[in-house]
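Single-letter residue listing:
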Amino acid sequence: MTSLPSPLDSPTLPPSPTYLRRWGWKRPSVLPGFGLTMGFTLFWLSLIVLIPLGGMILKTATLGWDAFFNAISTPRVLAALRLSIGGALIAAIINAVFGSIIAWVLVRYRFPGRRLADALVDIPFALPTAVAGIALTTLFAQNGWLGAPLDKLGIQVAYTPLGVIVALIFVGLPFVVRTVQPVLADLDPEIEEAALCLRASRWQTIRRVILPSLFPALVTGTALAFARAVGEYGSVIFIAGNLPMVSEIAPLLIVIKLEEFSYAEATAIGTVMLSFAFLMLLALNGLQRWSRRYEEA
Amino acid sequence: MDITVSGLIKGFGSFTALHGVDLDIHNGELMAILGPSGSGKTTLLRLLAGLEQPDAGTIRFGAKDVGGNLPGDRDVGFVFQHYALFRHMSVFENVAFGLRVRPRKTRPPEAEIRKRVNDLLNLVQVDWLTNRYPSQLSGGQRQRVALARALAIEPQVLLLDEPFGALDAKVRRELRRWLRDLHRRLGMTTVFVTHDQEEALDLADRVVVMGQGRVEQIGAPQELYDAPANAFVYRFLGETNELQASLHAGRVRVQNAPIAEAARIDLSGAIKEADGTLFVRPHLLALTPDPTGVATVTHVSLVGAMLRVEVETHDGQNLHVEIPRGPSIDLVPRPGERVSLMVRGGLFVAA
């Protein structure tokens, strides 16, 4: 059998230096570092993310489909998932609105105490979540500073789903502010002046010019706040009251299952939350790509 | 629309950007505001647009005092130095913006908006870019889109901030010619700010020269070049040589040698006797080969329509001389040759 000469060993082409042709798909570069850093990246991602998650899914798989569906379709589990995901969504949307306003004020205006306000935004990042939870519970309990007046109006916050949302807003706020802030700082005030010269009202300028420019960052920030809130445990369990079917969150249910030694059931709930988070990130990625369609093509 | 500016003062904190500016802009005129950076030219333009409010002074559009009016109520189109296009909108939507944000009552129907925008894009010759986004355009194209967007609201006055500042030299010349044609066609009162004297002198009907928050001179380009009002304008417009000089009995003397009778010297102000500086344009200095001359040729540049010669006088002063170049390059002075100098015109400013 005769073989055709491959175009690769065509004698007319001078051999390229070895450091330029190690990988077929790799763009040749004289700057070293790809191999080493890529190796570390794969190692680290596996160690920190893939192996634990894989372990969880493997454990879930020991249940079999029927047991899996039974484990996650009990009313108590469904109620907990609904509260964790629904509450996180509501909290993220509220954070999107108020976080943007805070970012706007911090970027656009100079006022005494601005640096302090800016630092305060990071408190929810830094504070141990349990401390935050206890503080919020004290504040919103029926005899608390805020809880007492609200109670007179007939609004109960502590030990209700409302309390869960309050705690989730607290932990999610910095994500929105810190992602929107730099984008807003880069937004040239000239484009607002341009809108003003074109006789746009202030509201039209915000809706048609500023918000669309912020949208990609806002989506990212909201997604981060949401992702954080779905899995939030520490700050919620104190204020939630943890009434099954009412104010019990999914992460708490996982802990309860673990304490009952139902490890597989616990991982089943975890798997549902993981799949949900994954779908959510996928959808947000699509949304982001769409909202950035005008950038350098 | 005639614009009348009087006694305009504007400060930012402790810095005073404009110290009382008076200015008349005639209807249909193409006017340049020229000055070095920090001269207050952009501040003046932004005050005209209503993007800043003056500390004192009045601005009238026609007979109407527009002092407290926001830009939207002044009938001005403003083109920003960096275009300030809306990044998330296509070229079409950028231009349509000014029409779409009108209150429902005065907003044209969609079909008319389409027609108007397409007409404008035609006018600025970018109709083939309708669906692109600003990030996909070159600088010159962005400038044209920004102009179309400003024109969409049918302003009475067009204001442009450094319209060619961010473009490369070739595109700049091209757009300059194009803007002049466009102005001729539309006949709209147009004011632009620039720090590039060539641009101002080439394009404008009249030029306002500004320095440190004051108007130094207003006039037609040739007037400014040939009869600068003061030392600032002389230095800022075109190249100049500065000679130590003195004034005796109405005659200017340089190094105690009186200047040729035929020279046209402007004496700024009616001074009789004084020491001062004589400003002379390079083309108003003449050279003649002279072995006993006062100066030595140090450098000769042969590129272009002018011979550019640098000479050093015996007291160590460097002067630039420009001589029109003939079809051949025979009578070219060589470095090292001694020459005598003759002043054919200039401005004497007492110290």
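Residues numbered from 1 in each chain as written. Chains lettered and ligands numbered in written order. Predicted model: local features only at pLDDT ≥ 70, side-chain atom pairs only at ≥ 80, totals over all residues. Heavy atoms only, no water.

Novice: How do you make sense of the overall build of chain B when you look at a structure like this?
Specialist: In terms of helices and strands, chain B carries eight helices and 21 strands. When the backbone C-alpha atoms are referred to their principal axes, chain B occupies close to 80 × 50 × 35 Å. Within chain B, buried positions represent 49% of all 351 residues. The contacts in chain B between residues at least 6 apart in sequence include a share of 66% that link residues at least 24 apart. Accessible area of chain B: about 16,300 Å², with a carbon and sulfur share of 51%. (Helix = DSSP H or I, 4+ residues; strand = E, 2+ residues; numbered from the N terminus. Buried < 20%, exposed > 50% of the residue type's maximum accessible area, 1.4 Å probe, protein only. Contact = heavy atoms within 4.5 Å. Areas by Shrake-Rupley, 256 points an atom, 1.4 Å probe, with all protein chains shown as cover.)

Novice: For this particular structure, what's the right way to read the side chain of asparagine 69 of chain B?
Specialist: With respect to the secondary-structure elements, asparagine 69 of chain B resides in the loop between β5 (64-65) and β6 (76-79). Residue contacts for asparagine 69 of chain B: discarding those within four places in its chain leaves Gly50, Gln53, Lys64 and Arg74 of chain B.

Novice: Looking at this structure, how should I read the pairing of strand β2 (residues 15-25) of chain B?
Specialist: Regular strands show a simple pattern: their side chains alternate between the two faces of the sheet. Residues and elements named next belong to chain B. Looking at chain direction, strand β1 (residues 3-12) and β2 are connected through eight bridges and run antiparallel. Among the inter-strand pairings, threonine 4 is bridged to a residue of β2, identified as aspartate 24. Linkage of β1 to β2, two consecutive antiparallel strands, is achieved through a turn of two residues, within which glycine 13 is found at a positive phi near 60 degrees. (Pairing = 2+ DSSP bridges.)

Novice: Please clarify how the pattern of salt bridges should be interpreted in this entry.
Specialist: Opposite charge on two side chains allows them to pair when their charged atoms are near. Taken as a whole and judged by the stated rule, the model has 26 salt bridges over all chains. One salt bridge in this structure joins arginine 46 of chain B and glutamate 193 of chain A, with 2.7 Å as the shortest N-O distance. Remark: glutamate 193 of chain A occurs in helix α9 (residues 189-197) and arginine 46 of chain B occurs in helix α1 (residues 41-49); the pair is interchain, linking two chains. Notably, a salt bridge pairs arginine 114 of chain B with glutamate 110 of chain B, separated by 3.6 Å at the nearest N-O pair. Of this pair, arginine 114 of chain B and glutamate 110 of chain B are both found in helix α3 (residues 110-123), four residues apart, which corresponds to roughly one turn of the helix. Take arginine 114 of chain B: its relative accessible area is 41%, and that puts it in the partly exposed class. Salt bridges here are not isolated pairs; linked through shared partners, they connect Glu93, Arg100, Glu110 and Arg114 of chain B. (Salt bridge = Lys/Arg side-chain N within 4 Å of Asp/Glu carboxyl O.)

Novice: Any chance you could explain the interface of chain A and chain B here in plain terms?
Specialist: Accessible area lost upon the coming together of the parts is a frequently used measure of interface size. Listed per partner, the contact involves 20 residues of chain A and 25 residues of chain B. When residues of chain A are sorted by the area they lose upon contact with chain B, Leu198, Arg199 and Tyr294 of chain A head the list and together hold 32% of the total. The interface formed by chain A and chain B contains two salt bridges. Its salt-bridge partner being aspartate 75 of chain B, residue arginine 199 of chain A comes within 2.6 Å of it at the nearest N-O pair. At the boundary of chain A with chain B, the tally comes to five residue pairs in polar contact (both at pLDDT 80 or more). Listing elements by their share of the side of chain A that touches chain B, those giving two or more residues are α9 and α10 (202-230) of chain A. The dominant element in the side of chain A that touches chain B, judged by the number of residues it contributes, is α9 of chain A, at seven residues. In terms of residue class, the side of chain A that touches chain B is built from 11 nonpolar, two polar and seven charged. (Buried area = accessible area lost by both parts, 1.4 Å probe. Polar contact = N/O pair within 3.5 Å; in protein donor to acceptor, adjacent residues only side chain to side chain. Nonpolar A, V, L, I, M, F, W, Y, C, P; charged D, E, K, R; others polar.)

Novice: Help me understand the nonpolar core in this model?
Specialist: Proteins that are soluble and globular tend to have nonpolar side chains buried together. Ranked by internal contacts, the top residues of the largest apolar core, which has 57 residues, are Ile59, Phe86, Phe97 and Leu159 of chain B. No other element matches helix α8 (residues 161-186) of chain A, which puts six residues into this core. (Core = buried A, V, L, I, M, F, W, Y, C linked by side-chain atoms within 4.5 Å.)

Novice: Mind showing me how you'd approach a nonpolar patch on the surface here?
Specialist: Taken together, Leu36, Phe40, Phe43, Trp44, Leu45, Leu47, Ile48, Val49, Leu50, Ile51 and Leu53 of chain A make up a surface patch of nonpolar side chains, about 1,100 Å² in accessible area. You can see phenylalanine 43 of chain A is positioned in helix α1 (residues 34-61). (Patch = residues over 30% accessible without salt bridge, like charges linked within 9 Å, V, L, I, M, F, W, Y side chains within 5 Å.)

Novice: When you look at helix α2 (residues 64-72) of chain A in this model, what are you seeing that I'm missing?
Specialist: Helical geometry note: an α-helix holds 3.6 residues per turn, so side chains three or four residues apart project in the same direction. All names here are of chain A. For α2, every residue scored as buried is listed here: Phe68, Ala71 and Ile72. Buried residues along α2 cover an arc of 85 degrees about the axis, so they all sit on one side. Across from the buried face of α2, at angles greater than 90 degrees, the exposed residues are Asp66 and Asn70. (Arc of directions from axis to C-beta.)

Novice: Can you help me understand unusual backbone geometry in this one?
Specialist: Across the chain, the bulk of peptide bonds are trans and the bulk of non-glycine residues have phi less than zero. All names here are of chain B. The phi dihedral of glutamine 125 falls on the positive side, at around 60 degrees, and the residue is not glycine. Note that glutamine 125 resides in the loop between α3 and α4 (139-151). Residue glutamine 212 is not a glycine yet carries a positive backbone phi of 50 degrees. As for its placement among the helices and strands, glutamine 212 is situated in the loop between β9 (206-211) and β10 (214-219).

Novice: Which parts of the structure should I look at to understand the sheet that holds β2 of chain B?
Specialist: Sheets are built from strands paired through backbone hydrogen bonds, the pairs being either parallel or antiparallel. With respect to topology, four strands assemble into an open sheet ordered β2-β1-β4-β5 (chain B), the strand pairing being antiparallel. On the outer flanks of this sheet lie β2 and β5 of chain B, each paired with one strand and no other.

Novice: So what exactly am I meant to see when it comes to the environment of phenylalanine 97 of chain B here?
Specialist: Along the chain, phenylalanine 97 of chain B turns up in helix α2 (residues 91-100). Residues phenylalanine 97 of chain B and glutamine 141 of chain B lie 44 residues apart in sequence; the distance between their C-alpha atoms is 18 Å. Each residue touching phenylalanine 97 of chain B, except ones within four places of it in the same chain, is listed here: Ala195, Leu198, Ala200, Arg208 and Val209 of chain A together with Phe86 and Met89 of chain B.

Novice: For this particular structure, what's the right way to read the side chain of arginine 206 of chain B?
Specialist: All names here are of chain B. One can find arginine 206 in strand β9. Since its relative accessible area comes to 19%, arginine 206 is described here as buried. A polar side-chain atom of arginine 206 sits 2.5 Å from a polar atom in the side chain of glutamate 29. Beyond its immediate sequence surroundings of up to four residues, arginine 206 is in contact with Asp24, Ile25, His26, Glu29, Leu30, Met31, Ala32, Ile218, Gly219 and Ala220.

That is the geometry; function is a separate question.
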